[in-house]
Amino acid sequence: RRRKDTMEQVMAKVKVGQLRTQKRREEEELDRLRNLRYHVRLRNRQNNSAETIQRYYRGHIGRRAAGLWREHTLRKQASHALYLACSTTISRHWRGYKGRQDAEELRREMAEFILAMRQVDLDAKRGAIRNQKRKKNGGQMYFHRNSSNR
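Residues numbered from 1 in each chain as written. Predicted model: local features only at pLDDT ≥ 70, side-chain atom pairs only at ≥ 80, totals over all residues. Heavy atoms only, no water.

Per the secondary structure count, the protein includes one helix and zero strands. Oriented by its inertia axes, the alpha-carbon framework of the protein measures out at about 200 × 25 × 15 Å. The buried share among the 150 residues of the protein stands at 0%. (Helix = DSSP H or I, 4+ residues; strand = E, 2+ residues; numbered from the N terminus. Buried < 20%, exposed > 50% of the residue type's maximum accessible area, 1.4 Å probe, protein only.)

Here it is as structure tokens:
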């Protein structure tokens, strides 16, 4: 019987040891899970932090690019306005130059026309004077002495 009691005591101790081992393994498993959860949360926080930093940086780069694009567009608009102003000024000067040339040409033509009209009037007056002289001389032409018709 003693052996049986000893065996029962040993078995009871073994059972207690097994329970302790099982309890320790369960606690280790819980600690491992807690540690794993902690590291997952830490990694998620780090990833979220990295994503936040990246998001802010991308926003910064986008705003900077938009500012540069706006500046580029304003420069382009200013350059176009300058181009239009210059082309308008050049056209204005050219039209003035051509207008002065045309006016000079018109004045010259007008002077030639007036001269031609005066010449016609003068010729008409000379013709009228000759006719009056012919009537006075009886239809004969008036000749100078030095002329070759003697």
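Moving on, we get to the pattern of salt bridges. Counted under the stated rule, the structure contains six salt bridges. Glu29 is paired through a salt bridge with Arg32; the nearest N and O atoms lie 2.7 Å apart. Taken together, the residues Glu29 and Arg32, both in helix H1 (residues 2–137) and three residues apart, mark about one turn of the helix. In this structure, Glu104 and Arg107 form a salt bridge, with 3.0 Å as the shortest nitrogen-oxygen distance. Remark: Arg107 and Glu104 occur in helix H1; sequence separation between them is three residues, near one turn of the helix. Using a relative accessible area of 35% as the deciding quantity, one classes Glu104 as partly exposed. When its relative accessible area of 53% is taken as the criterion, Arg107 is described as exposed. Through salt bridges with shared partners, one network takes in Glu104, Arg107 and Arg108. (Salt bridge = Lys/Arg side-chain N within 4 Å of Asp/Glu carboxyl O.)

Looking now at the packing of aromatic side chains. One pass over the structure, following the stated rule, counts one aromatic pair. Between Trp94 and Tyr97, the aromatic rings sit 5.6 Å apart at their centres with planes inclined by 40°, giving tilted as the arrangement. Here Tyr97 and Trp94 lie together in helix H1, a separation of three residues that amounts to about one turn. (Phe/Tyr/Trp six-rings, centres within 6.5 Å; stacked < 30°, edge-to-face > 60°.)

This part is about a nonpolar patch on the surface. A surface patch of nonpolar side chains, about 380 Å² in accessible area, is lined by Met110, Phe113, Ile114 and Met117. With respect to the secondary-structure elements, Ile114 resides in helix H1. (Patch = residues over 30% accessible without salt bridge, like charges linked within 9 Å, V, L, I, M, F, W, Y side chains within 5 Å. Areas by Shrake-Rupley, 256 points an atom, 1.4 Å probe, with all protein chains shown as cover.)

Tracing the sequence through the fold places Arg92 in helix H1. Along the chain, Arg92 and Leu106 lie 14 residues apart, while their C-alpha atoms are 21 Å from each other.

This part covers a negative patch on the surface. A contiguous patch of negative charge, built from Asp102, Glu105, Glu109 and Glu112, is present on the exposed surface. Take Glu112: it is sitting in helix H1. (Lys, Arg positive; Asp, Glu negative; His and termini not counted. Charge placed at Lys NZ, Arg CZ, Asp CG, Glu CD.)

Quick look at the environment of Glu109 now. Mapped onto the fold, Glu109 is located in helix H1. Classification of Glu109 as partly exposed rests on a relative accessible area of 43%. Distance from Glu109 to Leu36, taken between C-alpha atoms, is 106 Å for residues 73 residues apart in sequence.

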